[in-house]
Amino acid sequence: MPTRREFIKRAAGAATVGLIIPRSLLQARPYSAAAAANRRILVVLQFIGGNDGLNTVIPYSDDQYHRLRPTLGFKEGDLKDDQGRSTIISDRFGLHPSLTKIKDLYDQGRVAIVQGVGYPNPSDSHFTSSDIWHTGNPGLPTGNGWLGRYADLALADQTGLQIVAETFTIPRSLSADKAIAVSFSSSTLTSYAFQTDPQYPADRESQVGLFSANNSSMFPAGSFLDTISRDGIDALRSADEIAKAIDGYSSTVAYPSGNSLADAFKVVVEIVSGVPEANLLYLLLSDFDTHAQQADRHRSLLSEFGDAVKAFYDDLSVHGLADNVVMMQWSEFGRRPEENGSAGTDHGAASSIFVIGNPVKGGLYGDEPSLAPGDLDPVGNPRFTVDFRAVYATVLDRWLNFDSRLVLGGEFPALDFLA
Amino acid sequence: MADLTYADGAHLLRRAGFGGPPAEIESLASLGRQGAVDRLIDYEQIDTGKMDRALKALLPLGRQGFLADYEQRWWFARMITTPRPFEEKMTLFWHNHFATSESKASFYMTMLYQILTLRQYALGRFDDLLLAVAQDPAMLTWLDGISNVAGRPNENFARELQELFTMGTIDAVTGETNYSEQDVKEIARAFTGWGIADTGRLGFNPKKPGRYQFLIRDELHDSGSKTIYGRTANFSGEDVVGIIAARRSTARFLVKKLFTFYVYPLSDSAEDKATVERFADVYMDNDHSIRELARAILSSDEFFSDRARFALVKSPAELIVGSLRTLGVDYRDDGALLLQRPMYYASLAMGMTLFQPPDVSGWKLNIGWINTATLLARYNFANTLITNRTPSPPEYGPAVSNDALKLYTKATAQDTVASLLNLLGPISVDSDTMDRLTKYLETDSGGGPSPFVNDDATIDRKIRGLVHQIMCLPQFQLN
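### Let's talk about the overall build of chain B
And step 1. Of regular secondary structure, chain B possesses 22 helices and 4 strands.
And step 2. Dimensions of chain B, computed from the C-alpha atoms along their principal axes, are close to 85 × 55 × 40 Å.
And step 3. Taken across its 479 residues, chain B has 64% of its residues classed as buried.
And step 4. Approximately 16,500 Å² of chain B is accessible, and the part contributed by carbon and sulfur atoms is 52%.
And step 5. Taken as two groups, the 51 positive and 59 negative side-chain charges of chain B have centres that lie 4 Å from each other.

Take a look at the structure:
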C-alpha cells in the first residue's frame, strides 16, 4: 500500500511506461527468449511541462546567459557535483551539477546532445506544442502520432495489428490507426492479470471463455465499443505473456529507491528482456513546468533522470541488451532564457535534448541559439537551429531502418549522432 | 410533463449523478422530464444532515493525524452516500475543469478546501465561481499566482485562465484566435500581488476557514494601465474575471465542455455549432448562471436523444460509485467500510486519482480512460466487489450479500440475465451475447450442462460470476 509520501511522490515526477509489440506476440506461439543479435529497441522519454534546457546543458561561458539568469544561472565554478567532480563537457558547455551520471555516460561517448531543437512559429501552449511534437506536424498538429504512423507502416506486414501502450492515457506519439494499447506502470504491474472468483477456481475457464466471446463481438469500426472490446481482448491475452516476462526477470542491478522513473525503466528492462518482440517503448516524466522556485525542483528531477538512466544502462548490460537500445528524450519546449520574478522561468521555445545509448555517437550536435537581445524572438525566446523532425528522421532512418519520409511527409536531413 | 421512461430516468441519473437502484430510478422517472431535472438540480432543498453527521463521525478530518489518502476516501464516501448526486457530479466536473493537483499544494488540505469552494459555487454565476477559483489558495499555489508580482509577472495562471478555464485558444464556433501573447502578459499584470496568508491553523473542518487565506498585497500589485483585448485601463484581477466571463467565446467553450461531460462530444459540424450557439444564448441571457445552463442542457432534446445514449465512457469515479450505489452494497451500519482503502486504489489503477489530475488540462475523458491496464483494473474491481461476500472482509471494503443478489435472481436463467442487464444499465446486447450469458448460468463448474436453480448455492457460485461478466462487457464501460 503506498503511503501518502509515495502518493505525492508519484504525482510529482510521475513516470509511466508504454510499448509497442507485434500482435503476433498475443497469439499462441513458441516462446523464444533469445534476443535477436540485430534487435533494435527505441525508448522515448518525454519530459512533461517544458524542461529548462538552458539549465540542463549550460552555456557557462556565455555572458548573455548570465545576464538573463542572474540568480538561476550556473557559473563555471558551480558545475561540479557534491564530491567536486566536474560536469563540464566542453569549453562552452557543462551539464547541470546533478547530472554526474549522465556526464559519466557522456565521457564514454554514449550521449548525444542536440541543441537548438524546435520548429517555426513556436507555440507557448503546453498542449499545442506537445501535439506538434507528438504528430511531427508544426503546421496543423492533428491526426496520429509519428511513432504510431511508423508502427502502422513498418510493422503492418507482420501478423495483424500492432500494439501501442501507455499507462492512464495513450501518448499522442503512439496513436495509430491499426495499433491497440498495452500499458503498464510500475505501480499497477502486479495486478496486470484477469482475476476471477477465488472461491470457485473451477469456474475460471468458463469465465475466461465467456469474456473472450463477449469482447469479440463486432462493433462499428472506430466506435468506443470497438476500441474497448479490442483493448479488452488484448488485455486478457497480454496479461499471461507479461506475467511470464516479469517472472523470468532477475537482475543484480540495484535501482535507486523513491525514483519513479527508475521504477519505470526497470519495467522496460523486464519487458524487453522477456518479450523479444517488444521494441518500441515510451516513458513519461512529469513536473518540469518550473514557473516558480525552480532550482530545487529542477535539481531533483534531473537527478532522478540521471540516476534512473544509469541503472537502466547497467541493467541492459547485465541482460546483454545495451547495444540494442537507443533512448531519445524530448520536451514540448525549453524555458524562457530570462528568469522571471518568482525564481522560475516561463514557457520557452527551442531547447536541447538527449539521445543516449551504446549505438549513439556521443557529442554535441546542432548550434546553440544566440541569446543576444537582437537574436531572441519577440516573446524573448531562442530561435531554433535544428528542426525536431530532423531528430526523428535520424532515429527512423539510421536506427529503425525505415524511410523517414514516409512517416514525416517530407525530407529532413539526418544528424550524425547515429551512424 | 410525465414523459420519462425507466431508461430515460436511468440515463439521467447516470449522467447527472452516479446511477442508482431501480427504486430510485422509478421515483425519478415518475416526475417527468422537467420535474426530474429540477429535483436533481435544485438540490438545496434536499437535507444532507445524515450524510454530514456520518462523514464527520467516520473521518477524523478535523484532527491531527490525518491519514494518508483520507481526502480521497472522504470524497468517495460523499459520492456514494449523498442524497444530492448532481452536487457531487458538478463538483467533479469543476475539479476536472479547474484541474489542480495537491502534488504542488504547499499543504495538501488546501485541495480539500478548494473542493469545498467548487461545491459552494458549483451552480452560481460563472463570474463568482471564476473569481473564487482565482483566489483559491491551492490554485494560487498551483499556477504560481503567489509569485506573480509587479515588475516580474508570472504568466502561468494568466495563460491557463484563458486557454483551459474559460475560452480556449480559438473560438469554439468561429475558429478565430481568442487572445494574443500580449493579452497573456497584460492579464498576468492584472493579477499581480494576489497571494495567500498562512494562518497556521491545522486540520480540516468544513465549517471553518482553512489554513491558507487569500489576500492582496497592494505593494506587489501592478496598478499601471493594461491593454486587454484592445481595451486600455487600470484593470484589476476582478475586472479581468468579469471581462472574461462576459465573452461569448467563454460561453461557447463552457457549453462544449459541459456537453462533452454530460451529453456527447460535439463535433465541428454546422449542426453542432448551432447547438453550441443555442446554449451559449442561455448562458448570456441568464446572467452567466451555471444552474440555468445546466438545467437547459439536462432537459434538452439533445440530452435525451439517441445520439446521447451510452455515448460517453464511464470515468473511474462513475464506474466505482455507480456500481456501489446500484448494487446496494453493504457498508455495515456504522458505515466504517466506506473508509476501506483498496476500493479507492481501484480508481488510481483505472487512471483517476482524485485531487491529483495528471496536469492542468484535467483527465482525458472518454477513450482517454481506456487502455489494457485500465481495463484490467475495471474488470478486477468488478471481480473483487462482487466476490466480497461478507461486510467484514479482512482487506476489502464494501461487500455484496447473497440477499442483495436474490432481488434480481429470477426463476429462469434467461430472466435472470435480463434482470441483471436491466439493473446494470439497462444494457442492451445482441442475441448471441444474451445466449452466452444464459448458457453460463446453465453450466456447472466443470463446463458441463447443469439446469439453473434459483437457490443460495447458485447465487453464490453463478450470479456473482454473471455480474462480473456483465461488468466486463464493453457496453458496461459506457455511460
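Back to the text.
### Some words on the nonpolar core
Nonpolar side chains in soluble globular proteins generally cluster together in the buried interior.
And step 1. Ranked by internal contacts, the top residues of the largest apolar core, which has 163 residues, are Phe86, Met90, Trp94, Phe98 and Phe126 of chain B.
And step 2. Broken down by element, this core gets its largest block of residues, 9 residues, from helix α18 (residues 372-386) of chain B.
And step 3. The residues contacting phenylalanine 98 of chain B, other than those within four sequence positions of it, are Gln114, Leu118, Phe126, Leu129, Leu130, Val133, Met139 and Phe165 of chain B.
And step 4. Judged by nonpolar contacts, the second largest core, of 43 residues, contains Phe93, Ile102, Leu283 and Ile356 of chain A.

### Regarding the pattern of salt bridges
Oppositely charged side chains can form a pair if their charged atoms are brought close together.
And step 1. Enumeration according to the criterion identifies 49 salt bridges over all chains in this entry.
And step 2. Linking aspartate 289 of chain A and arginine 335 of chain A is a salt bridge whose minimum nitrogen-to-oxygen distance equals 3.0 Å. Of the two residues, aspartate 289 of chain A sits in the loop between β9 (280-285) and α9 (294-318) while arginine 335 of chain A sits in the loop between β10 (325-331) and β11 (351-356), which places them 46 residues apart along the sequence. Judged on exposure class, the residue aspartate 289 of chain A and its partner arginine 335 of chain A are both buried.
And step 3. Across the pair arginine 464 of chain B and aspartate 460 of chain B runs a salt bridge, and its minimum N-O distance is 3.1 Å. With arginine 464 of chain B and aspartate 460 of chain B both in helix α22 (residues 456-471), this residue pair falls 4 residues apart, about one helical turn.

### Here we look at the environment of valine 173 of chain B
Residue and element names in this part refer to chain B.
And step 1. Within the secondary structure, valine 173 is located in the loop between α10 (156-166) and α11 (181-190).
And step 2. Judged by relative accessible area, which is 16%, valine 173 ranks as buried.
And step 3. Valine 173 sits 101 residues away from alanine 274 along the chain, and the two C-alpha atoms are 8.5 Å apart.
And step 4. Apart from the residues lying within four places of it in its own chain, the contact partners of valine 173 are Arg252, Lys273, Val276 and Glu277.

### Digging into the packing of aromatic side chains
And step 1. Under the defined criterion, the tally for this structure stands at 35 aromatic pairs over all chains.
And step 2. Measuring from ring centre to ring centre gives 4.2 Å for phenylalanine 47 of chain A and phenylalanine 288 of chain A, while their planes differ by 15 degrees; the resulting arrangement is stacked. Of this pair, phenylalanine 47 of chain A sits in strand β2 (residues 41-47) while phenylalanine 288 of chain A sits in the loop between β9 and α9, and the two are 241 residues apart along the sequence. The pair formed by phenylalanine 47 of chain A and phenylalanine 288 of chain A is uniform in burial state, with each residue classed as buried.
And step 3. Look at tryptophan 194 of chain B and phenylalanine 214 of chain B: their rings are 5.1 Å apart centre to centre, the planes differ by 70 degrees, and that puts the pair in the edge-to-face class. Here tryptophan 194 of chain B is found in strand β1 (residues 194-198), whereas its partner phenylalanine 214 of chain B is found in strand β2 (residues 212-216), with 20 residues between them in sequence.
And step 4. Between the NZ or CZ atom of lysine 314 of chain B and the centre of the ring of phenylalanine 476 of chain B, over which it lies, the distance is 3.5 Å.

### Thoughts on the interface of chain B and chain A
Put simply, an interface is often sized by how much accessible area is lost when its parts join up.
And step 1. At the interface, 69 residues of chain B touch 64 residues of chain A.
And step 2. Area buried by chain B at its contact with chain A is led by Thr372, Leu376 and Pro474 of chain B, which between them contribute 11% of it.
And step 3. Inspection of the chain B/chain A interface yields 3 salt bridges.
And step 4. Among the ionic pairs, lysine 462 of chain B bridges to aspartate 203 of chain A, the shortest N-O distance being 3.0 Å.
And step 5. At the boundary of chain B with chain A, the tally comes to 22 residue pairs in polar contact (both at pLDDT 80 or more).

### Observations regarding the environment of aspartate 375 of chain A
And step 1. Among the structural elements, aspartate 375 of chain A can be located in the loop between β12 (363-365) and β13 (386-387).
And step 2. Not counting residues up to four positions away in its chain, the partners in contact with aspartate 375 of chain A are Ser370 and Arg383 of chain A.

### Quick word on the packing of helix α7 (residues 224-248) of chain A against helix α8 (residues 260-274) of chain A
Describing two packed helices takes the angle between their axes plus the distance from one axis to the other.
Residues and elements named next belong to chain A.
And step 1. The contact between α7 and α8 brings their axes to 8 Å, and the two run at 105 degrees. Judged by the angle between their axes, α7 and α8 are roughly perpendicular. Counting all contacts with α7, which are made through Ile242, Ala245 and Ile246, the residues of α8 involved are Glu270, Ile271 and Gly274.

### Considerations on the packing of helix α8 (residues 126-134) of chain B against α10 of chain B
Residues and elements named next belong to chain B.
And step 1. At a minimum axis distance of 13 Å, the contact between α8 and α10 shows a crossing angle of 145 degrees. Judged by the sense of rotation from one axis to the other, the crossing of α8 with α10 is right-handed. Residues Phe126, Leu130 and Ala134 of α8 pack against Phe157, Leu161, Phe165 and Thr166 of α10.
And step 2. Residue classes in the contact of α8 with α10 are distributed as 6 nonpolar, 1 polar and no charged.

### Looking at the pairing of β10 of chain A
All names here are of chain A.
And step 1. With 7 of 7 residues buried, β10 lies mostly within the body of the structure.
And step 2. Pairing analysis gives 7 bridges linking β2 to β10, with the strands arranged parallel. Residue pairing in the sheet places glutamine 46 in a bridge with tryptophan 330 of β10.

### Describing unusual backbone geometry
Residues and elements named next belong to chain B.
And step 1. In the segment running from glycine 425 into proline 426, the intervening peptide bond is cis, with an omega of 5 degrees.
And step 2. At tyrosine 229, a position not held by glycine, the phi torsion is positive, near 50 degrees.
And step 3. Relative to the assigned elements, tyrosine 229 resides in the loop between β3 (226-228) and β4 (231-233).
And step 4. One non-glycine residue, histidine 288, adopts positive backbone phi at about 65 degrees.
And step 5. Topologically, histidine 288 is positioned in the loop between α14 (270-285) and α15 (290-298).

### So, empty space enclosed by the protein
All names here are of chain B.
And step 1. As enumerated under the stated definition, the model contains 7 cavities of 30 Å³ or more in all.
And step 2. A volume near 180 Å³ is recorded for the largest cavity.
And step 3. Lining the largest cavity are 18 residues, and of these Arg14, Gly19, Lys314, Gly322 and Thr326 lie nearest its centre.
And step 4. Secondary-structure elements contributing two or more residues to the lining of the largest cavity are α1 (6-16) and α16 (316-327).

### Quick word on the pairing of β9 of chain A
Residues and elements named next belong to chain A.
And step 1. With 6 of 6 residues buried, β9 lies mostly within the body of the structure.
And step 2. Residue alternation in β9 divides its side chains into two sets, Leu280, Tyr282 and Leu284 and Leu281, Leu283 and Leu285, and both sets are buried.
And step 3. Pairing of β2 with β9, which is carried by 6 bridges, proceeds in the parallel orientation. Within β9, the position partnered with phenylalanine 47 by the bridge is leucine 285.

### Side note on the confidence of the model for chain A
Residues and elements named next belong to chain A.
And step 1. Averaged over every residue, the pLDDT of chain A is 85; residues scoring 70 or more account for 84%.
And step 2. Note that residues 1-14 has pLDDT below 50 and, in this model, 41 contacts with residues that lie over four places away or in other chains.
And step 3. This model gives residues 159-168 a pLDDT under 50, and the stretch forms 62 contacts once residues within four places in sequence are excluded.

### Side note on a positive patch on the surface
And step 1. A surface patch of like charges, here positive, comprises Lys56, Arg201, Lys207 and Lys208 of chain B.
And step 2. For lysine 207 of chain B, the location among the structural elements is in the loop between β1 and β2.

### Considerations on the side chain of asparagine 55 of chain A
Residues and elements named next belong to chain A.
And step 1. The topology assignment puts asparagine 55 in the loop between β2 and β3 (57-58).
And step 2. Within the local environment of asparagine 55, its side chain forms a polar contact with the backbone oxygen of leucine 72, the two atoms lying 3.1 Å apart.
And step 3. Not counting chain neighbours up to four residues away, the residues in contact with asparagine 55 comprise Tyr65, Arg69, Leu72, Phe74, His96, Gln294, His298 and Leu302.

### A short note on α10 of chain B
Residue and element names in this part refer to chain B.
And step 1. Counting buried positions over the 11 residues of α10 gives 11, a clear majority of the element.
And step 2. Every buried residue of α10 is accounted for by Asn156, Phe157, Ala158, Arg159, Glu160, Leu161, Gln162, Glu163, Leu164, Phe165 and Thr166.
And step 3. Count one or two residues on from α10 and you reach glycine 168, which has phi positive near 80 degrees.

### Structural notes on the environment of serine 286 of chain A
Residues and elements named next belong to chain A.
And step 1. Along the chain, serine 286 turns up in the loop between β9 and α9.
And step 2. Residue class for serine 286 comes out buried when judged on its relative accessible area of 13%.
And step 3. Each C-alpha atom, one on serine 286 and one on asparagine 51, is 9.7 Å from the other, the two residues being 235 residues apart in sequence.

Reading the values: the criteria
- Residues numbered from 1 in each chain as written.
- Chains lettered and ligands numbered in written order.
- Predicted model: local features only at pLDDT ≥ 70, side-chain atom pairs only at ≥ 80, totals over all residues.
- Heavy atoms only, no water.
- Helix = DSSP H or I, 4+ residues; strand = E, 2+ residues; numbered from the N terminus.
- Buried < 20%, exposed > 50% of the residue type's maximum accessible area, 1.4 Å probe, protein only.
- Areas by Shrake-Rupley, 256 points an atom, 1.4 Å probe, with all protein chains shown as cover.
- Lys, Arg positive; Asp, Glu negative; His and termini not counted.
- Charge placed at Lys NZ, Arg CZ, Asp CG, Glu CD.
- Core = buried A, V, L, I, M, F, W, Y, C linked by side-chain atoms within 4.5 Å.
- Contact = heavy atoms within 4.5 Å.
- Salt bridge = Lys/Arg side-chain N within 4 Å of Asp/Glu carboxyl O.
- Phe/Tyr/Trp six-rings, centres within 6.5 Å; stacked < 30°, edge-to-face > 60°.
- Lys NZ or Arg CZ within 6 Å of the ring centre and 35° of its normal.
- Buried area = accessible area lost by both parts, 1.4 Å probe.
- Polar contact = N/O pair within 3.5 Å; in protein donor to acceptor, adjacent residues only side chain to side chain.
- Axes fitted to C-alpha atoms, helices over the stretch in contact; angles between N-to-C directions.
- Parallel < 35°, antiparallel > 145°, perpendicular 65-115°, else oblique.
- Left-handed = near helix turned anticlockwise from the far one by under 90°.
- Nonpolar A, V, L, I, M, F, W, Y, C, P; charged D, E, K, R; others polar.
- Pairing = 2+ DSSP bridges.
- 1 Å grid on protein atoms, 1.4 Å probe; cavity = no way out; pocket = protein on both sides within 12 Å on 5 of 7 lines; lining within 4 Å.
- Points joined across faces, edges and corners; volume = space filled by probe spheres on them.
- pLDDT = per-residue confidence, 0-100.
- Patch = residues over 30% accessible without salt bridge, like charges linked within 9 Å, V, L, I, M, F, W, Y side chains within 5 Å.

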